[in-house]
Every structure is written in C-alpha cells, then in structure tokens.
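Read off the chains here:
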Amino acid sequence: MTKPIVVGVDGSASALHAVLWAAREAELRQGPLHLVHACLEISAYTPAELPRSFGEALRQQGRAHLATAAERARETAPGVEVRRGLVVGAAAECLVTLSEQALLVVLGSRGVGGFASLAVGSVASALAAHGHCPVVVARRSTVDTTVPRAGPVVAGVDGSAASDAVLEFAFDEASRLGTALVAAHTWNDHIAESAWAVAPYLTLDWRSVEVDAQHLLAELLAGWQERYPRVPVRRVVSREAAARVLMKQAAPARLLVVGSRGRGGLSGMLLGSTSQALLHHAPCPVAVVRPPAPARSSMEIELKFAKNRR
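So, here is what we can say about the structure in this document. Quantities reported herein were computed from a predicted structural model and do not represent experimental measurements.

**Side note on the side chain of His 185**
Link 1 in the chain: Along the chain, His 185 falls in strand β7 (residues 181-186).
Link 2 in the chain: Here Val 157 takes part through its backbone oxygen, which lies 2.9 Å from a polar atom of the side chain of His 185.

Dropping the structure here:
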C-alpha cells in the first residue's frame with residue numbers, strides 16, 4: 001500500500017497553496033493525497049463549558065475547509081485519489097502522529113492563527129522538528145498557483161548524519177521532476193561567522209581547506225550519482241554561511257532540501273539554526289529531512305516488554 005502525502009488544512013491561503021503543491025507531488029509520485037483538518041476541543045481549554053453546538057460549528061467549518069481544499073486539489077491533479085479527514089486535537093500533535101505513516105507531510109508556513117510578523121507558524125516549526133517523515137513547508141509566496149516553477153532541486157550537504165537522507169530525497173525528487181540537482185556544501189557552518197574576522201592574522205591554506213571540502217562532497221555524492229546517472233549534478237563548495245549559500249542557490253529552485261540539524265547543532269536541538277532560517281526566508285518550498293532513527297537492539301525491545309509486564 002502506497003503511503004499518502006498528508007496536508008494540513010485550516011482554511012488559510014497558505015494552507016491552500018500547500019495543498020496545490022502537494023497535489024502536484026502526489027500526481028508525480030502516483031500516490032494518494034490525504035487532507036487533514038485538526039479540530040481542537042475548545043471546551044477543554046476554557047474555564048466554562050461551551051455548548052455542544054459550538055463544537056459542532058467548529059467541525060462543520062473544518063469539513064467546509066476540507067471540501068474546498070479537495071476541490072482545488074482535484075482541479076490541479078485530476079487523477080490523484082484525494083481523501084479527507086477531520087481529527088480532534090491540537091494540529092501539531094495530530095500531524096506528528098500521522099507523519100509516522102505518511103510519505104510526506106506538507107504545510108503552509110502560517111495558518112489562520114498566526115501573527116502577521118511571523119514567516120513560519122508554530123505548527124510548521126513543530127512538524128519540521130518532530131515529524132517522522134520528510135516535512136515540506138510551502139509558503140504562499142513560493143508556490144505558483146498556475147504552473148509549477150522550473151529549476152533544479154537544491155540539497156544542503158554538510159557531512160552530518162542527515163546528509164545521506166537529504167541526498168536520497170533530493171536525488172529522488174530531481175529524478176521524478178526530470179531536473180538537475182545542486183549539491184551545496186559549506187565548511188564554516190559550525191563556527192561563528194564573526195570568528196572569521198581573525199583570518200587575516202592567521203596563516204591558513206584556504207586552497208587546501210577548499211580541496212578537502214570538495215573531496216568530502218564528491219565522496220558523499222559518489223554512490224548517489226551512480227544510482228541516479230541521469231540526474232545532472234552541479235557542486236557548490238563555499239566558506240560562506242550555509243544559510244546564505246543555500247538561499248542564493250534556491251532562488252531559481254523548485255525545492256530546497258535540508259537536514260533537520262547539521263553537524264554544528266547542539267545535541268538537544270531538534271531543528272538547527274540553518275534549517276530554521278531557511279524555513280522562514282527561502283524563496284522556494286523547503287523539505288526538512290530527518291536522519292533515520294537508529295534501530296533498537298533486541299535486548300532493548302525485550303527490556304521494554306519486561307518493564308511493561310511489571
């Protein structure tokens with residue numbers, strides 16, 4: 001059974017644009033599209049119990065949002081199977097749970113409850129940090145509602161644990177789209193940019209550093225280029241800040257693919273500073289890909305079962 005592409009729908013223009021992007025992606029992958037609206041039980045968060053009619057009105061509104069989104073999705077991709085689902089609970093929690101069985105989760109950047117000054121809302125940020133599958137944030141300004149934009153797929157590669165997952169997703173997407181891949185690597189993303197101010201006082205062999213970075217990128221790409229020989233690849237190596245380089249490369253791109261947290265991130269952070277910056281400011285849709293969770297040993301599983309039996 002093909003896993004669905006799940007889209008969060010809340011009636012906002014941003015969410016509707018995400019539906020259009022996801023419908024084209026579902027058509028490309030020949031899989032189902034699952035539209036989801038999370039209906040919060042308001043009475044659980046208010047000091048006084050609200051009438052039942054209020055909750056029913058919220059559900060009716062959610063069903064209307066889903067119907068509109070489904071209609072637009074079918075217009076965009078007539079051959080795609082579109083499902084609709086109304087779930088009860090907080091949007092972020094529901095979508096994180098659904099991401100366990102999804103191929104992708106696609107969101108607009110900011111829903112109906114967002115502040116105007118925020119480029120990316122709390123639900124999109126939470127999904128990017130905690131989702132169990134790749135999460136795509138398609139802001140309204142990055143999605144063409146008539147014709148999908150041309151251009152390459154851009155992948156941010158830093159040699160971290162997420163790099164293979166990023167490249168797998170990016171190569172697969174470029175292959176499906178019949179477009180090129182731009183693999184960008186920077187080597188100062190784990191050092192404060194201000195630290196480079198002392199560079200004139202140091203004797204650094206910049207050429208050697210650049211050659212090492214090029215070799216690292218070539219090694220990371222080698223196996224994937226063999227697997228996808230028809231995908232043209234352009235390599236970009238730079239000592240500029242990662243977010244700046246990726247923003248520049250993403251200007252003409254169809255999609256920007258990054259890891260959830262790079263090699264310079266703190267262990268407690270689920271979403272790195274570069275990924276956060278790109279979610280807020282990238283000129284194209286952004287896919288955040290997490291490295292696969294480490295497989296648990298049989299001993300760990302047995303210990304969990306033993307604990308549950310007590």
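**Topic: the pattern of salt bridges**
Link 1 in the chain: Enumeration over the complete set of coordinates arrives at 10 salt bridges.
Link 2 in the chain: The closest approach of N and O atoms between Glu 75 and Arg 72, which form a salt bridge, is 3.5 Å. Of this pair, Glu 75 and Arg 72 both sit in helix α2 (residues 52-76), separated by three residues, roughly a single helical turn.
Link 3 in the chain: A relative accessible area of 51% places Glu 75 in the exposed class.
Link 4 in the chain: Put simply, Glu 240 and Arg 244 hold a salt bridge, and the shortest N to O gap is 3.9 Å.
Link 5 in the chain: Among the charged side chains, a salt-bridge network with shared partners connects Glu 25, Arg 29, Asp 172, Glu 173 and Arg 176.

**Describing the sheet that holds strand β9 (residues 255-259)**
Link 1 in the chain: If you trace the 10 strands from one edge of the open sheet to the other, you get β3-β2-β1-β4-β5-β10-β9-β6-β7-β8, paired in mixed fashion. The two strands at the open ends of the sheet, each matched to only one other strand, are β3 (82-88) and β8 (233-238). On average, each strand axis in the sheet is tilted by 20 degrees relative to the strand beside it, whichever way the strands run.
Link 2 in the chain: Two strands pair when backbone bridges link them, and strand β4 (residues 104-107) and strand β5 (residues 135-137) are joined in this way by three bridges, in the parallel orientation. Counted as the bridge partner of Val 105 is Val 135 from β5.
Link 3 in the chain: Helix-sheet contacts for helix α4 (residues 122-130) involve β4, β5 and β10 (286-289), and the interaxial angle to β4 is about 160 degrees.
Link 4 in the chain: Docked against the sheet, helix α8 (residues 273-281) engages β5, β9 and β10, running at close to 155 degrees with respect to β9.

**A word on the environment of Val 80**
Link 1 in the chain: Structurally, Val 80 is set in the loop between α2 and β3.
Link 2 in the chain: Taking the relative accessible area as the measure of exposure, Val 80 reaches 10% and is therefore buried.

**Quick look at the nonpolar core**
Link 1 in the chain: Ranked by size, the top nonpolar core spans 45 residues in total, and within it Leu 33, Leu 35 and Val 257 carry the most contacts.
Link 2 in the chain: Among the elements that make up this core, the one with the highest residue count is helix α5 (residues 163-177) (seven residues).
Link 3 in the chain: Setting aside residues no more than four positions away along its own chain, Val 257 makes contact with Val 153, Val 154, Ala 155, Gly 156, Val 166, Phe 169, Ala 170, Ala 287 and Val 289.

**Points about α5**
Link 1 in the chain: For α5, built from 15 residues, the straight-helix expectation of 21 Å at 1.5 Å per residue is met to within 8% by its first-to-last C-alpha distance of 21 Å.
Link 2 in the chain: Among the residues of α5, those classed as buried are Ser 163, Ala 165, Val 166, Leu 167, Phe 169, Ala 170, Phe 171, Asp 172, Glu 173 and Ala 174.

**What about the state of the cysteines?**
Link 1 in the chain: With the rule as written, the count across this model stands at zero disulfides.
Link 2 in the chain: We note that Cys 94 lacks a disulfide partner, and the nearest cysteine sulfur, in Cys 39, lies 9.9 Å from it.

**Concerning helix α3 (residues 91-98)**
Link 1 in the chain: Buried within α3 are the following residues: Ala 92, Cys 94, Leu 95 and Val 96.
Link 2 in the chain: Taken together, the buried residues of α3 touch β1 (5-8), β2 (33-39), β3, β4 and α4.

What counts, and where the lines are drawn
- Residues numbered from 1 in each chain as written.
- Predicted model: local features only at pLDDT ≥ 70, side-chain atom pairs only at ≥ 80, totals over all residues.
- Heavy atoms only, no water.
- Helix = DSSP H or I, 4+ residues; strand = E, 2+ residues; numbered from the N terminus.
- Polar contact = N/O pair within 3.5 Å; in protein donor to acceptor, adjacent residues only side chain to side chain.
- Salt bridge = Lys/Arg side-chain N within 4 Å of Asp/Glu carboxyl O.
- Buried < 20%, exposed > 50% of the residue type's maximum accessible area, 1.4 Å probe, protein only.
- Pairing = 2+ DSSP bridges.
- Axes fitted to C-alpha atoms, helices over the stretch in contact; angles between N-to-C directions.
- Contact = heavy atoms within 4.5 Å.
- Core = buried A, V, L, I, M, F, W, Y, C linked by side-chain atoms within 4.5 Å.
- Expected span 1.5 Å × (residues − 1).
- Disulfide = S-S within 2.5 Å.

These figures come from the coordinates and say nothing about function on their own.
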